[in-house]
Amino acid sequence: MHAVRDHERAVDTLRRSYAAVPAGEPVRLAKQTSNLFRPRSAPRTPGLDVSGLTGVLAVDPAARTADVQGMCTYEDLVDATLPHGLMPLVVPQLRTITLGGAVTGLGIESTSFRNGLPHESVLEMDLLTGAGEIVTTRPRGEHADLHRAFPNSLGSLGYATRLRIELQPIRRYVSLRNIRFTRLEELVDAVGEVVAKGAWGGEPVDAMDGVVFSPGEAYLVLGTFTDEAEGRPSDYTGQEIYYRSLRRRTRDTLTAYDYLWRWDTDWFWCSAAFGAQHPVVRRLWPRRYRRSDVYHRIVRLEHRHQVAARVDRWRGRPARERVVQDVEIPLDRTPEFLRWFAANVGMTPVWLCPLRLREPSGPGSAKAWPLYPLRPGETYVNIGFWGSVPIAEGAADGDVNRQIERMVSEMGGHKSLYSDAYYDRAAFDRLYGGDTWRAVKDRYDPDHRLTGLYEKAVSRA
C-alpha cells in the first residue's frame, strides 16, 4: 500500500510540474541521465519532475509480470526480477536505459530474435498525455490507438508513469558459443537457422548477437540459459574486456547478471576513446565508474566544450563527423550492407543483433507498430556502429549519415531515432507513420503542447 500511495503522490507531482510549464514552452523531463545522442536546444523552463517515478512497484512471480514506474532503469528492474529467476523479455544493453525510454524510444538486445522489442511485452501503460491527463492504455480497448502509437514516439505523445510488462525465466548462468565466420553469407544462414529452429548445432539458443571486425572476420554469439556453469564464470568488469574475448574463446560462461550487462562495462568497445581499455589506466579507473552512463557524461562534456575538436584543429587534423546509429536491415540484405559500410564508412567493429517482431501466439501472430513499421514475419539484423569519421575535403558534416540513411532505405530497412537524423519531412512521415502519429496527436494532445516527433528527431528541438 505504501508503494501505491507513493506512486500516486509522484504522479500528482508530475502533473503539477506539467501544469506549471507555460503554454508554448518546450516540455522536457528533469532527469540526471540520458542515452540520447541527439543535440537538443537548451530548455528555458524547469523540466517535468519525475523524481518519484524511478522504482519497481511489484513483481508477480506466478503471473510473470512486473509493474514498473516509467523512469525505472533496467539496472534496478533486473535487480528486482533476478531473485525470482525472471528477467524482462528484452533487456537493453545499457544499465541506465529506463523502461519508459525503451518503450517510447525503442530498445533491443540478444533475445530480440524471438521476443522482438521491449514495447511488445507491455501489457498496459499509464501515460501522461499532452492534455495533462493520465490514461491507461492496453493493446485493446478505448486507448488502443495510443498504445500502438506510443512506441517510437519519443515523448511526443506523452510520458509513461507506470508500465506492466511480461517477464520470462532465466537460469543462473548463460553458456556462450563464439562462432567465427569468414563469409557473411554463412553467418546470415546461421541466424536464419536459429530463428527457425531455436537451436544451432543441436544446442538450444536463448540469446543471439554478434560482432563484425571485418567482412572476413565476424562472430555470432549464441547463448543458452543454464543452471550448470562450464568452469569458472568469466568476469569482464575487471582487466579483461568482453568484446576482445570473442577472438580468443570459442566457449564462455557468464553469470546471468554479468551476461545482461556484459556490454555496459566498456560501452561495447567505445570506452577505448577514454583510455579505459589501456591496462594501466584500467587498473586506476575504479570499477564503479566503468559503466556507460559515466562515459556518456564525458561525451556530453566534450560536446559542450569541444576540447578534442580544438586539439584536432591545432594539430591540423580534419574535423570529424559523428556516426552513431543503430539500423535494422533485412536478413538477406545484411551481407550487402555490411560490405558497403566497410567500403564507404570503414568503422569497426560493428554490433549485430537479429530481430523479429514477436509472435506471442505462434507463427503469424506478430503485430506491426505504426511508428516503427517493421514487417511481421521478416527477420532483420540490427547493426550498431558508434564513433566518428573524418570529414573529407569538400564534404560537409552529416554527409556520411545521409549516405547511410539512403542505403538503409534502399535495402528496405529502418533506423532508430536516438541519434542524428537528416530526413526531410515527407520521407520521415513515410518511414515513421506520420499519418497515424498526427491522428493520435490530435486526439491526445489537441493543443500540441508536446514537441512533435519530427522536431525532436530531426530538428533537434
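Structural data are supplied above this passage.
In this text the structure is predicted, and so the values were computed from the model without any measurement.

Caption draft 1: Region of the structure containing the packing of aromatic side chains. This model, assessed by the stated rule, comprises 23 aromatic pairs. For the ring pair Y372 and Y432, a centre distance of 6.3 Å and an interplane angle of 35° mean the geometry is tilted. Here Y372, found in the loop between β16 (350-355) and β17 (380-390), pairs with Y432, found in the loop between α14 (425-431) and α15 (434-444); they are 60 residues apart in sequence, far enough to count as distant. Overall, Y372 belongs to the buried group, its relative accessible area being 3%.

Caption draft 2: Seen up close, unusual backbone geometry. For the peptide bond that leads from T348 to P349, omega is -5°, which places it in the cis range. Along the chain, P349 falls in the loop between α12 (334-344) and β16. Even without a glycine there, the phi angle at F268 is positive, about 60°. Within the element layout of this structure, F268 appears in the loop between α8 (256-260) and α9 (279-284).

Caption draft 3: Region of the structure containing the nonpolar core. Among the nonpolar cores identified, the biggest contains 85 residues, and W269 and F428 are the most heavily contacted of them. If you tally residues by element for this core, the top one is strand β8 (residues 159-169), at four residues. Setting aside chain neighbours within four positions, we find W269 in contact with V211, Y243, W263, Q277, P349, V350, W351 and W386. Counting 36 residues, the second largest nonpolar core, distinct from the first, contains L184, W340, V350 and I404.

Caption draft 4: Quick look at the side chain of E321. For E321, the location among the structural elements is in strand β15 (residues 320-330). Here V400 takes part through its backbone nitrogen, which lies 3.2 Å from a polar atom of the side chain of E321. Among the polar contacts made by the side chain of E321, one reaches the side chain of N401 at a distance of 2.6 Å. Not counting chain neighbours up to four residues away, the residues in contact with E321 comprise G387, S388, V389, I391, A396, D397, G398, D399, V400 and N401.

Caption draft 5: Expanded view of the environment of Y236. As for its placement among the helices and strands, Y236 is situated in the loop between β13 (217-226) and α7 (242-248). Sequence separation of Y236 and I165 is 71 residues, and the distance between their C-alpha atoms is 29 Å. Discounting chain neighbours no more than four positions away, the residues touching Y236 are I241, Y242, S245, R249, D252, L254, T265, D266 and R282. A distance of 2.7 Å separates polar atoms of two side chains, one belonging to Y236 and the other to R249.

Caption draft 6: Fine view of the packing of α12 against helix α13 (residues 399-410). Relative orientation of the contacting elements α12 and α13 amounts to 165°, with a least axis distance of 11 Å. With respect to their mutual orientation, α12 and α13 come out roughly antiparallel. In this structure, α12 meets α13 at a crossing whose hand is right-handed. Contact residues: F337, W340 and F341 in α12; Q403, I404, M407 and V408 in α13.

Caption draft 7: Region of the structure containing helix α2 (residues 74-81). All of the buried residues in α2 are Y74, E75, L77, V78 and T81. Down the axis of α2, the buried side of the element spans an arc of 160°, and every buried residue falls inside it. The elements touched by buried residues of α2 are β3 (56-60), β4 (65-69), β5 (86-88), α3 (99-105), β8 and α8.

Caption draft 8: Structural context of the packing of helix α6 (residues 184-197) against α12. The contact between α6 and α12 brings their axes to 9 Å, and the two run at 140°. Looking at the two axes, α6 sits oblique to α12. As α6 packs across α12, the resulting crossing turns out to be right-handed. On α12, the residues that touch L184, E185 and V188 of α6 are T334, P335, L338 and R339.

Caption draft 9: Quick peek at the state of the cysteines. As enumerated under the stated definition, the model contains zero disulfides in all. The thiol of C270 is not disulfide-bonded; the next cysteine sulfur, from C353, is found 16 Å away.

Caption draft 10: Looking closely at the sheet that holds β16. If you trace the eight strands from one edge of the open sheet to the other, you get β14-β9-β13-β12-β16-β17-β15-β18, paired in antiparallel fashion. The open sheet is flanked by β14 (251-255) and β18 (414-415), the only strands paired with a single partner. Bridge analysis of β15 against β17 gives eleven bridges, and the strand direction is antiparallel. For V323, the partnering residue across the bridge sits in β17 and is G387. Most of the contacts of α12 go to β17, to which it runs at about 5°, and overall it touches β12 (207-214), β15, β16 and β17. Relative to β15, α13 is tilted by about 5°, and along the sheet it contacts β15, β17 and β18.

Caption draft 11: Structural detail: the pairing of β12. Counting buried residues along β12, seven of its eight residues qualify, which places the element largely inside the surrounding structure. Of the strand pairs in this sheet, β12 and β13 are connected by seven bridges, and their pairing is antiparallel. By the bridge assignment, M208 is partnered in β13 with L222. As defined by bridge partners, β12 adjoins β16 across three bridges and the pair is classed as antiparallel. The partner of V211 across the bridge, within β16, is W351.

Caption draft 12: Representation of the pattern of salt bridges in the model. One pass over the structure, following the stated rule, counts 41 salt bridges. Notably, a salt bridge pairs R460 with D420, separated by 2.6 Å at the nearest N-O pair. Remark: D420 occurs in the loop between β18 and α14 and R460 occurs in the segment after α16 (453-457); sequence separation between them is 40 residues. According to the relative accessible area criterion, R460 is partly exposed, its value standing at 31%. Taking the relative accessible area as the measure of exposure, D420 reaches 2% and is therefore buried. What emerges from the salt-bridge pattern is a single network uniting D67, E124, D126, R138, R162 and R164.

The rules behind the values
Residues numbered from 1 in each chain as written. Predicted model: local features only at pLDDT ≥ 70, side-chain atom pairs only at ≥ 80, totals over all residues. Heavy atoms only, no water. Phe/Tyr/Trp six-rings, centres within 6.5 Å; stacked < 30°, edge-to-face > 60°. Helix = DSSP H or I, 4+ residues; strand = E, 2+ residues; numbered from the N terminus. Buried < 20%, exposed > 50% of the residue type's maximum accessible area, 1.4 Å probe, protein only. Core = buried A, V, L, I, M, F, W, Y, C linked by side-chain atoms within 4.5 Å. Contact = heavy atoms within 4.5 Å. Polar contact = N/O pair within 3.5 Å; in protein donor to acceptor, adjacent residues only side chain to side chain. Axes fitted to C-alpha atoms, helices over the stretch in contact; angles between N-to-C directions. Parallel < 35°, antiparallel > 145°, perpendicular 65-115°, else oblique. Left-handed = near helix turned anticlockwise from the far one by under 90°. Arc of directions from axis to C-beta. Disulfide = S-S within 2.5 Å. Pairing = 2+ DSSP bridges. Salt bridge = Lys/Arg side-chain N within 4 Å of Asp/Glu carboxyl O.

That's the geometry; what it means functionally is another story.
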